[in-house]
Amino acid sequence: MKIAVCIKQVPTRDWQPRLNDAKTWIREQDATYEMNEPDAYALEEALRLREKQGGEVVVCSAGPSRVAQVLREALARGADRAIHVEDEGLGNADAFVIAGALASAMQDEQFDLILTGLQSDDQGFAQTGVILAERLNRSHATIIMDVQVNGGQVRVKRELEGGWFQWVDMAMPAVLTIQSGINQLRYATLKGIMAAKKKEIRKSPLPAATAAKSRIVALYPPEKAKKTQMISGSPAEAAKELVRRLRDDARVIQ
Amino acid sequence: MILVIAEQRSGKLNRATWEAIAGAQQLAAAQNNEAVSVLVAGSSASGVASELAAAAVQEVVTIDNPALEPYTPDGYTAALQQAIAQLSPSTVVLPHTYQTRDFAPKLAARLDRSIITDVTAVKRAGNDVAFVRPMFQGKLTADVVAEGPGPHFVTFQIGAFRADQAARGSAPTTVRPLTVAVDASAIRQKPEAPFQEARQAVDLSQAERIVSVGRGIKEQSNIPLAQALADALGAELAASRPICDAGWLPMERQVGSSGQTVAPKLYLALGISGAIQHLVGMKGANTIVAINKDPDAPIFEVADYGIVGDLFEIVPALTAALKGS
């Protein structure tokens, strides 16, 4: 079984945003980066499927040269090889550009399954996997919490809202977007890190004809929905003052 | 014309549809008072259509086709592609539900048209209309403009517009059936009936007070700290998604888009950064308190009271202050 996992590199959770001079994007050079969390769950699911079914796991990413770091990390966790669509302009690309780049790089590989996270922690479109499925003319399912492969069929547990789920069956090849929490993540071992150094990262060119379909005209810190009363002081003082305000002003406790 | 795609399951309208109608009416005001129409698709869309006809819109268009029940992305994409070709809207508006996320990017890609998701507001930017959406887990907000020919697809975040703000007409509007061909044999997904997994023994939606924990709680062994505060407040204990994913609290205590939606009198968020998937589940709370070490955490945007600091110092102090008085 041949499985692809699409991975994005995103700023770390504790990164403090800084904007470029035009205030249309972040200062990429100032950010620290990590693997997009839902994509890490997609990778883990692929590794588990390979353990059961045999075959190959190929990680793919479309991004600037810096994304080689998360591809290397995925190889250290156990992926067999990697494909990198490398272009310095891809850092702020929209979902059409990324999906177009990935589709072109994957075209000649006959993947049975393509997995990716349900959305990214940076732009958060929740579109790339679905657009990729359409570009490759594959069936798809989104927000998946269980994957069972049986012959040429895949059975998936799709998350609906408010604690509801649904089983969906489809023939492979297919594209699935994976929800965080589907499994328990593994981390790279020293042996894995050493082995990753010998694994292949194939560079794939960015296709010429993928125009962006949206443009950020302004990027700024969010406007507050409410006037927040910030309470300072030592923990004991702040706690006392909060209790007083909840009791006397907000009247939500006795 | 702005076309709103309504969402229904088994003849029951998803309330988020009215929010999308309210958003579409605001968008229409920004686009030279363009007309708004609503489309509802399914195998028996007529009941839902009469409900939607109360909206102040040009018309309600229905697609009744047995191949559309149950929902599949292939079926909906095929049907809506034809409907859009017949109706030629300038913009297609959808509520940002899980179902929309499942098919709308596919439909936009099929037509090779732009799609802007998770939009919270609409504004003018020069000659363009800009769509406001969160990015970087809510740390930044972006104004985004669609590029290329229409129709442009836009999905509105749940709770961004209020359902009761959707303008209603003085009399029911026209309901018009539209015929499209859907080849059932070309639908590749075979869905089964939806089911609920978690034992819904805890109904957080009825709780008056909730203490909710996020990643900032760090370890499962710290949960009793939050439980003690909840007990002192007479509150239910809840959590953001990562805590339930890790199994530190049961899934039935999860608040957010994939868990429960709550509206208590008091919501106390401990170490929760405030990613949008969490905020949609709790921003209807009357009074929101946030305790977080990061002063820039998005949770403070919706909080009434905030304390920046170490929850491991503040929470015991809070429990003591409640008990001591």
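Residues numbered from 1 in each chain as written. Chains lettered and ligands numbered in written order. Predicted model: local features only at pLDDT ≥ 70, side-chain atom pairs only at ≥ 80, totals over all residues.

1. Overview of the nonpolar core
For clarity, the threshold we go by: To count as a nonpolar core, a set of buried Ala, Val, Leu, Ile, Met, Phe, Trp, Tyr and Cys residues must be joined through C-beta atoms within 7 Å. Partly exposed residues are those whose C-beta has more than 12 but fewer than 20 other C-beta atoms within 10 Å; 20 or more makes a residue buried and 12 or fewer makes it exposed, with C-beta atoms placed from the backbone. Working definition: helices are DSSP H or I runs of at least four residues, strands are E runs of at least two. Numbering for both runs from the N terminus. A pair of residues counts as a contact when their C-beta atoms, built from backbone coordinates, are separated by no more than 7 Å.
Among the nonpolar cores identified, the biggest contains 184 residues, and Val5 and Leu102 of chain A together with Val4, Val93 and Leu270 of chain B are the most heavily contacted of them. Top contributing element to this core by residue count: helix H3 (residues 95–106) of chain A, with 10 residues. Ignoring sequence-local partners within four residues, the contact set of Val5 of chain A consists of Ala42, Leu43, Ala46, Val57, Val59, Ala79, Leu115 and Thr116 of chain A.

2. Details of the sheet that holds strand S4 (residues 36–42) of chain B
Residue and element names in this part refer to chain B. Inclusion rule: In short, DSSP must find at least two bridges between two strands for them to pair. For every element, the axis is a line fit to its C-alpha atoms; helices are fit only across the contacting stretch, and the angle between N-to-C directions ranges from 0 to 180 degrees.
With parallel pairing, 7 strands are arranged side by side in an open sheet as S7-S11-S6-S1-S4-S5-S12. Each edge of the open sheet is held by one strand with a lone partner, namely strand S7 (115–119) and strand S12 (174–177). Across the sheet, the axes of successive neighbouring strands diverge by a mean angle of 25°, strand direction being ignored. In the sheet, strand S1 (residues 2–5) pairs with strand S6 (residues 91–95) via 3 bridges, with the strands oriented parallel. Within S6, the residue paired with Val4 across the bridge is Val93. Contacting S1, S4, strand S5 (59–64) and S6, helix H3 (residues 73–87) runs over the sheet at an angle of about 150° to S4. The strands that helix H4 (residues 98–111) touches are S6, S7 and strand S11 (152–156); relative to S11, the one it contacts most, it runs at about 165°.

3. Focus on the pairing of strand S1 (residues 2–6) of chain A
Residue and element names in this part refer to chain A. With 4 of its 5 residues buried, S1 lies for the most part within the structure. Note that S1 and strand S4 (residues 56–63) share 5 bridges and pair parallel. Looking across to S4, one finds that Ile3 is bridged to Val57. Both S1 and strand S6 (residues 113–117) contribute to a ladder of 4 bridges, which runs parallel. Following the sheet pairing, Ile3 is matched in S6 by Leu113.

4. Quick notes on the confidence of the model for chain B
To keep it simple, the criterion reads: What pLDDT conveys is the predictor's confidence in a given residue, as a value from 0 to 100.
Overall, the prediction assigns chain B a mean pLDDT of 94, with 98% of residues at 70 or greater. Confidence estimates for the predicted assembly give a pTM of 0.90 and an ipTM of 0.93.

5. Brief notes about the packing of helix H6 (residues 235–248) of chain A against helix H8 (residues 311–323) of chain B
How we decide: Angles below 35 degrees are treated as roughly parallel, those above 145 as roughly antiparallel, those between 65 and 115 as roughly perpendicular, and all remaining angles as oblique. In this scheme the crossing of two helices becomes right-handed for a clockwise turn of the near helix relative to the far one and left-handed for an anticlockwise turn of less than a right angle. When residue character is reported, Ala, Val, Leu, Ile, Met, Phe, Trp, Tyr, Cys and Pro are called nonpolar, Asp, Glu, Lys and Arg charged, and the others, Gly included, polar.
With their axes 8 Å apart at the nearest point, H6 of chain A and H8 of chain B run at an angle of 50° to one another. Considered as vectors, H6 of chain A and H8 of chain B are oriented oblique to each other. Between H6 of chain A and H8 of chain B lies a crossing whose hand is right-handed. Between H6 of chain A, through Pro235, Ala236, Ala238, Ala239, Lys240, Leu242 and Val243 of chain A, and H8 of chain B, the contact on the second element is made entirely by Glu313, Ile314, Ala317, Leu318, Ala321 and Leu322 of chain B. Of the residues contributing to the contact of H6 of chain A with H8 of chain B, the split by class is 11 nonpolar, no polar and 2 charged.

6. Describing the domain arrangement of chain B
Size of an interface: often given as the accessible area lost when the parts come together. Residues and elements named next belong to chain B. The cut-off we apply is this: As used throughout, domain bounds are those supplied by an automatic or database domain assignment.
Once the domains are mapped, chain B shows domain 1 (2–186) and domain 2 (204–323). In this assembly, 8 residues from domain 1 lie in contact with 8 residues from domain 2. For the side of domain 1 that touches domain 2, the per-class residue count stands at 2 nonpolar, 4 polar and 2 charged.

7. A closer look at unusual backbone geometry
Geometrically, the link from Met172 of chain A to Pro173 of chain A is a cis peptide bond, its omega value of 5° lying close to zero. As for its position among the elements, Pro173 of chain A is in the loop between strand S9 (164–171) and strand S10 (174–178). Residue Pro70 of chain B is bonded to the preceding Glu69 of chain B through a cis peptide linkage, with omega at -5°. Its place among the elements puts Pro70 of chain B in the loop between S5 and H3. The phi angle at Asn33 of chain B is positive, at roughly 50°, despite the residue not being glycine.

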